[in-house]
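# Architecture and fold: a report
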Amino acid sequence: MNTLITVAPTGAESSKADVPQLPTTLDELVETAVRCEAAGASMIHLHIRDADHAPTLDPGRLRASVDAVREATDLVVQLSTGGSVQDPLDQRLTVLDAEPDSCSLTCGTTNFGDDVFLNPWPFMVDLYRQSIEREVVPEFELFDLGHVAALQRLLDQEGMPFGGKVHVDFVTGVPGGMPGTSAALLAGVELLPPQVTSWSATGIGRSHLPIAATSLSAGGHLRVGMEDNLVYARGRAVQHNDELVLRAAELATLMQRPPMTTTEARDLLGVKRR
Ligand code: KMH
Ligand code: ZN
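The notes below deal with the structure included here. (Residues numbered from 1 in each chain as written. Chains lettered and ligands numbered in written order. Predicted model: local features only at pLDDT ≥ 70, side-chain atom pairs only at ≥ 80, totals over all residues. Heavy atoms only, no water.)

### Remarks on the side chain of His 167
Along the chain, His 167 falls in strand S10 (residues 167–172). Classification of His 167 as buried rests on a relative accessible area of 2%. In this structure the side chain of His 167 is engaged in a polar contact, spanning 2.6 Å, whose partner is the side chain of Ser 198. Non-local contacts of His 167, meaning those with residues more than four positions away in its chain, are made with Leu 4, Pro 138, Glu 139, Phe 140, Thr 197, Ser 198, Trp 199, Ser 200 and Leu 269. (Helix = DSSP H or I, 4+ residues; strand = E, 2+ residues; numbered from the N terminus. Buried < 20%, exposed > 50% of the residue type's maximum accessible area, 1.4 Å probe, protein only. Polar contact = N/O pair within 3.5 Å; in protein donor to acceptor, adjacent residues only side chain to side chain. Contact = heavy atoms within 4.5 Å.)

### What to know about the packing of aromatic side chains
This model, assessed by the stated rule, comprises five aromatic pairs. On the numbers, 5.9 Å between centres and 80° between planes, the contact of Phe 170 with Trp 199 is edge-to-face. Here Phe 170, found in strand S10, pairs with Trp 199, found in strand S11 (residues 198–203); they are 29 residues apart in sequence, far enough to count as distant. The positively charged end of Arg 153 is found above the aromatic ring belonging to Trp 121, 3.7 Å away from the centroid. In this structure, Arg 247 is placed above the aromatic ring of Tyr 232, and the distance from its NZ or CZ to the ring centre is 3.8 Å. (Phe/Tyr/Trp six-rings, centres within 6.5 Å; stacked < 30°, edge-to-face > 60°. Lys NZ or Arg CZ within 6 Å of the ring centre and 35° of its normal.)

### Some remarks on the environment of Leu 151
Tracing the sequence through the fold places Leu 151 in helix H5 (residues 145–158). Given the relative accessible area of 0%, Leu 151 is considered buried. Through-space distance from the C-alpha of Leu 151 to that of Leu 192 is 8.5 Å; in sequence the pair is 41 residues apart. Apart from residues no more than four positions distant in its own chain, Leu 151 is found in contact with Cys 107, Phe 140, Leu 142, Val 168, Pro 193 and Val 196.

### Some thoughts on the nonpolar core
As a rule of thumb, nonpolar side chains are buried together in soluble globular proteins. By size, the foremost hydrophobic cluster in this structure holds 32 residues, and its most contacted members are Ile 44, Leu 46, Leu 79 and Val 245. Mapped onto this core, the elements with two or more residues apiece are strand S1 (5–7), helix H1 (26–39), strand S2 (43–46), helix H2 (59–72), strand S5 (76–79), helix H7 (208–217), strand S12 (221–224) and helix H8 (241–254). Looking at this core element by element, the count peaks at five residues for H8. Filtering out sequence-adjacent residues up to four positions away, Ile 44 remains in contact with Val 7, Pro 9, Ala 33, Val 69, Leu 75, Val 76, Val 77 and Gln 78. Phe 123, Phe 140, Val 166 and Val 168 belong to the second largest nonpolar core, which has 30 residues in total. (Core = buried A, V, L, I, M, F, W, Y, C linked by side-chain atoms within 4.5 Å.)

### Remarks on the coordination of the zinc ion (ligand 2)
In the first shell of the zinc ion (ligand 2), the protein supplies His 45 (NE2), His 47 (NE2) and Glu 227 (OE), at 2.1 to 2.2 Å from the metal. When the donors of the zinc ion (ligand 2) are listed by position in the chain, the intervening gaps give H-x1-H-x179-E. Taken together, the residues span a long stretch of sequence, with His 47 in the loop between S2 and strand S3 (48–49) and Glu 227 in the loop between S12 and strand S13 (231–233) at a distance of 180 residues. Residue classification places His 47 among the buried residues on the basis of a relative accessible area of 8%. (Donors = N, O, S within 2.8 Å, 3.2 Å for Na, K, Ca; no water.)

### So, H1
Note on helix geometry: an α-helix contains 3.6 residues per turn, so any two residues three or four positions apart are oriented the same way. Along its 14 residues, H1 runs 20 Å from first to last C-alpha, staying within 8% of the 20 Å computed at 1.5 Å per residue. Those residues of H1 that sit buried are Leu 29, Thr 32, Ala 33, Cys 36 and Ala 39. Angular distribution of buried residues about the axis of H1 spans 130°; they occupy a single face of the element. Among the exposed residues of H1, those pointing more than 90 degrees away from its buried face are Asp 27 and Ala 38. In this structure, the buried residues of H1 make contact with S1, S2, S3, H2 and H8. (Expected span 1.5 Å × (residues − 1). Arc of directions from axis to C-beta.)

What follows is the structure in structure tokens.
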């Protein structure tokens with residue numbers, strides 16, 4: 001099967017002051033989306049920044065970003081419901097008001113560096129039910145092996161997502177979550193519930209390349225981007241997200257699994273025709 005490449009261009013953790021090339025304005029986001037689509041991405045995972053480049057869940061900015069990326073590209077638009085570790089749970093639920101194609105849904109609380117990324121069970125259930133009601137396809141983000149079991153519990157209790165597909169993304173290498181190693185990733189893949197129809201993986205920091213190679217060789221898809229990794233190679237910072245997408249596309253092509261089109265991605269994920 002061809003490869004779904006998701007780009008996560010911004011995240012909530014790096015500051016514009018430290019990383020000026022991080023896309024934080026709407027113009028930068030759209031320019032990034034266009035270049036990443038041309039490089040081989042078919043989905044974009046968005047975190048939004050305010051006028052001071054700080055993470056925000058402002059409804060107007062979320063809506064404007066979804067609309068602008070849709071206008072300029074055919075990428076599947078996924079909004080983060082994880083936001084930043086400071087964001088309250090009730091605000092994280094309002095992300096769905098912006099009517100993205102997809103939303104992230106993390107399957108459990110995890111230590112996140114020195115912070116805690118909170119995803120209590122009732123919040124997961126609430127978000128899942130709302131995603132079904134709003135016809136938004138969730139991407140289940142798994143930071144730890146326990147999250148795989150929580151996904152199984154969620155699917156068994158609540159049934160299948162909108163669209164009838166179950167796509168999972170392993171986020172490995174977060175300090176506090178599963179390590180960014182082939183062994184940890186493959187252990188997670190082994191435990192996936194039978195309802196899962198596709199999975200991708202990302203490795204934070206220097207684990208991004210080994211995790212990408214493992215994912216491709218085990219039938220998985222790829223997530224790359226400056227949310228997860230700011231270093232292209234030893235001593236060389238990422239200058240633009242499209243560098244990471246291009247390299248992922250080259251690796252996937254070398255492995256005889258070239259990047260899928262946005263149409264193929266929509267079918268794979270079961271997103272609503274909007
Ligand atoms: N920024 C992290 C606290 C997601 O987008 O849903 C959470 C995160 C996961 O990035
Ligand atoms: Zn994110």
